[in-house]
Every structure is written in structure tokens, then in C-alpha cells.
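An overview of the molecular structure
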There are 2 protein chains.
Amino acid sequence: MRIGILGNGQLARMLALAGKPLGLDFTLYDPNPDGCANLLGEFVQAEFTDLEQLQAFTASVDRVTLENENIPETTLHSIPQEKLFPPAIAVSKSQDRLVEKQFLQQLDIPVAEYYPLESETDLLAALERQQAPLIVKTRKLGYDGRGQVQVSTREQAIAAWRELHHAQLIAEAKLIFEREISLIAVRSHSGEIRCYPITENTHHQGILHTAIVQQADPIQDLAEEYGKRVLTELHYVGVLGFEFFQVGDKLLGNEIAPRVHNTGHWSIDGAEISQFENHLRAVLGWPLGSTRAHSPSIMCNIIGRFPDKAELAAIEAAHVHDYQKAAKPLRKIGHVTLCSRDVRVLQDSYQRVHALVRD
Amino acid sequence: MRIGILGNGQLARMLALAGKPLGLDFTLYDPNPDGCANLLGEFVQAEFTDLEQLQAFTASVDRVTLENENIPETTLHSIPQEKLFPPAIAVSKSQDRLVEKQFLQQLDIPVAEYYPLESETDLLAALERQQAPLIVKTRKLGYDGRGQVQVSTREQAIAAWRELHHAQLIAEAKLIFEREISLIAVRSHSGEIRCYPITENTHHQGILHTAIVQQADPIQDLAEEYGKRVLTELHYVGVLGFEFFQVGDKLLGNEIAPRVHNTGHWSIDGAEISQFENHLRAVLGWPLGSTRAHSPSIMCNIIGRFPDKAELAAIEAAHVHDYQKAAKPLRKIGHVTLCSRDVRVLQDSYQRVHALVRD
């Protein structure tokens, strides 16, 4: 059984590493030759818009999935839909922040206040109306805090408009929230849904820094309720990441990602079955595996440069993941997961990792 | 960092799968082109006796290790010893059952009674002296029960001699033992030793069938004491598997394997750090990782033919490992590990796996 993956970054790499023990083969498709999964399968270097190459790729594999939601819609629709998981419709919902917010609202999932922007005037009016800071974001192709500017004054708004207005924009109210959490959920062909314990996430310079697994969290049920609405509505198959802001006992939906998700990487080492294996199980039409955490777990991203690996390995309970990507400022090049049933070990190890991975 | 592995079977495959997340690259060296790890690294197809190819291979990697103890001694000695882990001496101790038994005895580790055989007369004399069944074994190259014949009578002894005498032979007393256990131990460059919880092993047609992890077993300490004597004496670096027969509160050493071991496969899914990662850490000169089991675990080999994988995946707590080897009677082609902190789940899943993997 051969799985085709659109994209060739660390998510494709971890999918392939989870799939090899299951006896799967992989073909990676990406315009960029410097991906980090191509040693784990066949590699096709071609543009996503090259429909001829895409057709040959699709014909050569049993299923197609993706590690990147920014695949052009025409690409997704050119793939036989019975081979593509998750479905194209789910991917397109997440490609545009405006469409995404409207979709969540249709499902009665609260979101932060937002304003579609067609002009500088729209932005100034939104700022006036909100009477509080806004975050101006590109509707498409933003990630890791890129394509986002916070504005509190008319001057900042005018500058932000000038900087970003070449793209379609949206302004969102900047929330005062207790915490950001995310839910990793997976749905099978048969409609079974399983959810991992939520993580609490912290960011640094707009990039996910740590995801701490929250076992038996009181807000888990609400997050799962919202996640299930999304998966069911989209007839989704595979893993979906869903980020929320928690305000009091409310959750506001922030983003859905139609793929395995950085806040689920802990599951490789800390869950009974990882998000990567469960995504593949769903794509293959197999039964889903347990999403339970076997140990309390914390994941820390490695950003920019890799610390000495032997030093990381010396930290009790540390699982080192090096994506073998070239070091570059603000680039995610690996992660460390700490898993231990001994909370003191976990805390002590967390401090030691934190000291080593600081950029 | 590139690791060269002599051999290209499932052990090499699982080493490579454990090493990719650590950012390692692999070169596999094997005369057989049909190995199951070569998609995970560079592959050199050459005889172990081809010293020219071997030299090029050795020069192209940072460290050399092995997945198979039956590598010719001249091959091992042709590799710069500062690159080779475990050391050649450790491998040669395990290649000959007579040398192995004498070595264990030197370390005051009890073994079953044994008789080196130079002639049919020796065998008949041994049978006379033992007054009980003997197992006649080839001293070298036996595995999975091959090259072994049990004899209880003069007629059987004569037949066994005829069948096997082209090779050097040893006769061992057939033991009445409570159970077979094995210890997986790992030693680092710095001399640190860590041991996994022992497993209790069962066999079927001479081939390992299941390994059940025994947590806090009263015989653990004695097994570790013997394991440490072996590792220390050999200045060993890497993982070593050590099989014992338990008779009352005594352990008799049966076999040492200078490599990752089938009875340690459960550690991929059930231990904090797997035997494969710990072997690589040792080979690299890194600190060792935790050998604790995070969950009670049972490993079942898949022999001969692969059951339906979706059916296996449906079993709660099952981790499916398909080595992608061609199906063949009596061939190990995969394993399933069950890990769960819920003992009822573990027992129920074990019965379900057992029903599916029966050959």
C-alpha cells in the first residue's frame, strides 16, 4: 500500500516514520527539493500546479494526503476525490481566515470578533468600532505569525494597510484570553471520532514554543464537542488540529488545520497511538487507535539552531526529534518531547530543555 | 552523522527507524539484496568477505554496528576497532556455543552441562554420562532452533551425528526449567549500564513466539548481575541480549547475542526509550536513556504469514510492525506489541492477537 503525500516537510517525514512500521510505502510530492522526508520514500519534485505530474503521482499511489493546507484548490480538485483524505472541501475551509470564521460560526462555534477588510477605510472603521487593538492578518497563506500586524492607533492601521494590502485581509479583535489550547481529533471512514487530550500552548515570536498535555482538563469536553461538529460537517477523514482561545469557561475557535499538527507531536512518544499513525489509519480505512496519553507529556519546539544532541539526550525522559533541516532563524527544525509519570522528573527536565533550546 | 550497519534485516530496519528522529543517516551493508531496511538509507550489496567494498563502506560512515552476530571474524577485524561497536571480541564470543559457555563459566555464570563433541564416540559417551536427553547443536550459525536435534537414545544419537557432523558440534543437557527469560542490557562508552525489565519468553517450533515483560520480577537483580559481568568483561558498547533458563531461584545462561534482540522489540512501544535508540546512543557515545517500561507490555511475533492488518489494528493497545519481508513458512515477518496500563485490556488483546497470528 503506497501513500502519496503533498508536501515534503517534517510532517510528511513523521507520517512516513509512523507508516513504515505498518508496512506502508510513501511518495512525497513537493516543488522544493530540500524537503526532509524524501529519504523515506519516492520523491517527485514538481509544482502543485503541474497537473500532468500530479496525475502521474496520483495514479502511482493508493491514497493521497497532505501535510500542508496551502495546496491550491485546483490541485486538490484534480485528484480523484475517492483517493484524497482529508476531502478537498475541508482543506479549502481552512485556507481563508474569513471563510474559516464564517464556517465555525455556522456551526455555532464562537470566534473572536472579526472584520473583513476591502479598504483602508474598512480598517479604520473596524478600529473605531472595536475600541481596542486589532490584529490585521492576511486571509491566506499566513503561518507562524507571518502576515500579521497588531494595530492600536490610526497611524498603525494606515501603516499596516500599506504593508499588507497586496493580499486579502481580515482584522480580528485581539483577545485577552486565559490560555491557548488545541485539540487534535481524528475521524475514520466509518465516522468514528477520537480525540487526544488537549494541550496548552505557548508561543515565542509568533511561533509555537511548547505544548503541554492537559489530562482530564475541565474544558476537554467542550473542545471535543466543537471538534466533532467540524469533523462531522466536513465528512472529514484523518487528523485535524483545532486551536482555541479560552476565555473564562468559553472557547473561541481560532484556526483549524486539516492535517497532523505541531501541538500533537507529543503523541509520538506520549500517546498510546500517535497522531501520525492515527492519520494513516484513517486514510487507509482502518480502525482508529487509542488516543490516550500513557504518560504526562510536554513538547518543546527547537527553533533556529539545534542544541547539542548528546546534551539533550542526557535529560531524563527526553525524546529528541531532529528534522534534518538546515538551521535558519525562526525555523522549526526539531522538537523534544518529555514523557514521564514522575511529575518531578517532568518539571526538572522541562527546565533543562528550556535552558538548552532558548534561541 | 552516518551509521553503517552490517546486515539489512528487520533489526537494521528498526535501528534506522529509531535513528531517523535523532537526525542520523544510515548505510546498510549486506550480500542479500532483498533486505528490508534498504529504503531507509544507502545500501551496499557486497559479500562480508569483500574487503575492498568493506573498506569503502567503513570509510564512508562515522560508526559501524551490526544486526547479525554471524559476521566473519576477519570482516570484523578488518574494520578500524575505534569505529566498531560492539567490539569484535564480544561478537566472536557469541559465534561459537562452546566458546560462549566457557566464557560464561569464567565469569561464574552457571550454564547447563555441556559436552564438546569431536566424534560419534564423544556423543555416545555424553549420553551415557548424562543419563537424560541431550540437545546436539552446531557450535556456529544456528538460529531459531535450526541446527539442533534432541537425542535420548543411542540410535537417535547416531542419527543426529550423521545429520550434523559436517559442522563442529556441542551437546547440551536438556533442562527442565520453569521458564526462559531474557535480559536486554546496554552499556555506554563511559561504562554506564542500564537494563530493561526482563521478559518471559515462549517458543513455538523453536522460534520465539511471545515475550512478556516482567515488571519487578524477583529474578531481575540476578539477571542484571550476570548481564553486567558480561558487559563489563567485554568492554561492551551497545545493546546485548542475554537468554537464561530459570531453574528454581537459579539462572543458567543460555545465549548471548551482541546486538538488539527480538525479546526487546516491545521496548519500541512500551519503554521510555527503546532498545534501538539506546543501542544508537551507546554507539554514538551519547548518554543512555531510560529503560523503564511505561506500560505493561507483551510482544507477539508474526511468523510465516501476515494476518489482516486492519484486523490487528482494531485490537485495543496493539502496535503493528510489518517488516515488509516476503511471507515464508517459519520466517519472522513482523510483530505486534500490546501496551496498556489496564491489565484486562492487555489480557483481552493478547487473546485476540493470539487467535489472529496463529500460523
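Residues numbered from 1 in each chain as written. Chains lettered and ligands numbered in written order. Predicted model: local features only at pLDDT ≥ 70, side-chain atom pairs only at ≥ 80, totals over all residues. Heavy atoms only, no water.

Okay, the interface of chain A and chain B next. With 32 residues of chain A at the contact, the number on the chain B side is 32 residues. Between chain A and chain B, the buried area comes to about 3000 Å², and carbon and sulfur atoms account for 51% of it. The tally of links from chain A across to chain B stands at two salt bridges. Taken together, chain A and chain B are joined by 21 residue pairs in polar contact (both at pLDDT 80 or more). Going through the elements one at a time, helix 1 (10-19), helix 11 (309-313) and strand 16 (318-322) of chain A are the ones with two or more residues in the side of chain A that touches chain B. Sorting elements by how many residues they give to the side of chain A that touches chain B places strand 16 of chain A first, with five residues. Split by residue class, the side of chain A that touches chain B holds 14 nonpolar, seven polar and eleven charged. (Contact = heavy atoms within 4.5 Å. Buried area = accessible area lost by both parts, 1.4 Å probe. Salt bridge = Lys/Arg side-chain N within 4 Å of Asp/Glu carboxyl O. Polar contact = N/O pair within 3.5 Å; in protein donor to acceptor, adjacent residues only side chain to side chain. Helix = DSSP H or I, 4+ residues; strand = E, 2+ residues; numbered from the N terminus. Nonpolar A, V, L, I, M, F, W, Y, C, P; charged D, E, K, R; others polar.)

Now for the pairing of strand 1 (residues 2-6) of chain A. All names here are of chain A. With four of five residues buried, strand 1 is to be regarded as a mostly interior element. A crossover connection joins strand 1 to the parallel strand 2 (residues 25-30) through helix 1; in handedness this β-α-β unit is right-handed. In the sheet, strand 1 pairs with strand 4 (residues 63-66) via four bridges, with the strands oriented parallel. Its bridge partner lying in strand 4, isoleucine 3 is registered against arginine 63. (Buried < 20%, exposed > 50% of the residue type's maximum accessible area, 1.4 Å probe, protein only. Right-handed = clockwise from strand over helix to strand, strands pointing away. Pairing = 2+ DSSP bridges.)

A word on the confidence of the model for chain A. Interpretation of this model should avoid reading the predicted coordinates in detail wherever pLDDT is low. Of all residues in chain A, 99% attain a pLDDT of 70 or more, and the chain-wide mean is 94. For this predicted complex, the interface score ipTM comes out at 0.92, while the overall pTM is 0.94. (pLDDT = per-residue confidence, 0-100.)

Relative to chain B, chain A is turned by 180 degrees and slid 0.0 Å along the rotation axis, the superposed coordinates differing by an RMSD of 0.0 Å. Here the transformation between the copies is reduced to the relation of a two-fold axis. Considering only C-alpha atoms, the part of chain A nearest the rotation axis is Leu40(A), at 2.9 Å. Most of the interface of chain A is mirrored in chain B, where 100% of its interface residues again form contacts. (Least-squares fit on C-alpha atoms with pLDDT ≥ 70 in both.)

A word on the environment of Ile158(B). Residue and element names in this part refer to chain B. With respect to the helices, strands and loops of the structure, isoleucine 158 is situated in helix 7 (residues 154-164). The exposure class of isoleucine 158 is partly exposed, given its relative accessible area of 23%. When the C-alpha positions of isoleucine 158 and leucine 123 are compared, they lie 8.3 Å apart, and in sequence the two are 35 residues distant.

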